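Take a look at the letters that make up each chain.
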Amino acid sequence: MLETKVAGAAAFAKFMTVLQAVADAPQPPSAAALARSCGYPRPTVYRIVAALAEQGMLAETAGAYRLGPRLMSLASRAWAQFDLRAELASELRALRDETGETVHLAVPAGREMTYIDKLESPGPVRMASRVGASVALHSSAVGKAYLAALDEAARERLLRGLPLDARMPGTVTSLSALRAQLDDTARRGYATDNEENEAGIVCYGVALCDAAGRPVAGVSVSTLLFRRREDPQAAYVEPLLRLRDAAAAKLALLPAVPGGA
């Protein structure tokens, strides 16, 4: 029998190899670094990264490449169809109804968290976040909850290449201070974002773990500072912890989550 070859398969494989190398790199690599890690000639890699960047699959900053917005958008659409969102729909709805605030479900995407679901607060003021948008690991409640739930080796791999941008005056930009926050988060079981990502918005978040104990997602409750309840522990944290515990049984029955640590 004659072997059938798909036209363009070899070229496509090279594109995928470069994308995977960017995703796996501890920090955004240059084209030269990609040529070394992939084993392709530099001119080939330069053409590949230029084509991927043109299509939004990669983004370039100062000669280094990271996964691009179009790839993140495609990933978020895939997540939107994944069982996780459907399986947790009733719990997320109950959390929104109990707290009266906006609820986000997010999954890790490289060095960020991407929202795959958002349940709006019934209040008159809406938040600008949207499904498919990304937030930084170090300044968001879902990001810090995810980092804190990782095992030490996986956490350190992420932290070493993490850009600690000062998004707001209260954003933690010191690696030692972030590690201390993550230790606190791991000990108490939830993370906070006290106007660290956006002015006037306070968030509380927990990590959701699979049957092996690996964090695969994060859930947050976001409230406006001026209407935050007097007892956030009772109003937001305790409902979040109940959702986390209820979700554990469901997550144990789901297939392995893509991108799990």
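A quick note: this is a predicted structure, and the numbers were derived from the prediction, not measured. Numbering of residues starts from 1 in every chain and runs along the sequence as written. In keeping with the model being predicted, local features are shown solely for residues with a pLDDT of at least 70 and side-chain atom pairs are shown and tallied solely at 80 or more, while totals for entire chains, interfaces and linings include all residues. For the side-chain quantities, the full set of heavy atoms in the structure was used; hydrogens and water were omitted.

A. Broad picture of the pattern of salt bridges. For salt bridges, the criterion is a side-chain nitrogen of Lys or Arg within 4 Å of an Asp or Glu carboxyl oxygen. All chains considered together, the criterion is met by 12 salt bridges. Asp 97 is paired through a salt bridge with Arg 96; the nearest N and O atoms lie 2.7 Å apart. A 1.4 Å probe rolled over the protein chains alone gives each residue an accessible area, and that area as a share of the maximum for its type sets the label: buried under 20%, exposed over 50%, partly exposed in between. Arg 96 sits in the buried class, given a relative accessible area of 19%. Two residues, Asp 210 and Arg 214, come together in a salt bridge whose shortest N-O distance is 2.7 Å.

B. Region of interest: the sheet that holds strand 7 (residues 201-209). Across the sheet, which stays open at both edges, the 6 strands sit in the order 5-4-3-8-7-6 with antiparallel pairing between neighbours. Looking at the sheet topology across the chains shown, the edges are occupied by strand 5 (134-136) and strand 6 (191-194). If you compare each strand with its neighbour and ignore which way they point, the axes differ by 30° on average. DSSP calls a pair of strands paired once it identifies at least 2 bridges connecting them. Numbering of helices and strands starts at the N terminus; helices are DSSP runs of H or I of at least 4 residues and strands are runs of E of at least 2. Here the axes come from fitting lines to C-alpha atoms, over the contacting stretch only for helices, and the angles between their N-to-C directions go from 0 to 180 degrees.

C. Inspection of the environment of Ala 211 at higher detail. Tracing the sequence through the fold places Ala 211 in the loop between strand 7 and strand 8 (215-224). For Ala 211, a relative accessible area of 63% puts it in the exposed group. When the C-alpha positions of Ala 211 and Glu 196 are compared, they lie 31 Å apart, and in sequence the two are 15 residues distant.

D. Molecular detail of unusual backbone geometry. Residue Ala 62 is not a glycine yet carries a positive backbone phi of 55°. Among the secondary structure elements, Ala 62 is positioned in the loop between strand 1 (58-61) and strand 2 (64-67). When its relative accessible area of 80% is taken as the criterion, Ala 62 is described as exposed. Of note, Glu 195 is a non-glycine position whose phi angle comes to about 55°, a positive value. Take Glu 195: it is sitting in the loop between strand 6 and strand 7.

E. Main features of the packing of aromatic side chains. The rule is short: rings of Phe, Tyr and Trp, with Trp giving its six-membered ring, pair when the centres are within 6.5 Å, and they are stacked under 30 degrees, edge-to-face over 60, tilted in between. Scanning the entire structure with this criterion turns up 1 aromatic pair. Ring centres of Tyr 204 and Tyr 236 lie 5.4 Å apart, and the angle between their planes is 25°; on these two criteria the pair is classed as stacked. Note that Tyr 204 is positioned in strand 7 and Tyr 236 in helix 10 (residues 232-251), a separation of 32 residues in sequence. As far as burial versus exposure is concerned, Tyr 204 and Tyr 236 are alike and both buried. In this arrangement the basic side chain of Lys 14 is found over the ring face of Tyr 40, its NZ or CZ atom lying 5.7 Å from the centre. Both a distance and an angle decide whether a charge sits over a ring: NZ of Lys or CZ of Arg must be within 6 Å of the ring centre and within 35 degrees of the ring normal. Cation over ring: Arg 188 sits above Tyr 190, and NZ or CZ is 4.5 Å from the ring centre.

Limitation: the analysis is restricted to geometry and does not speak to function.
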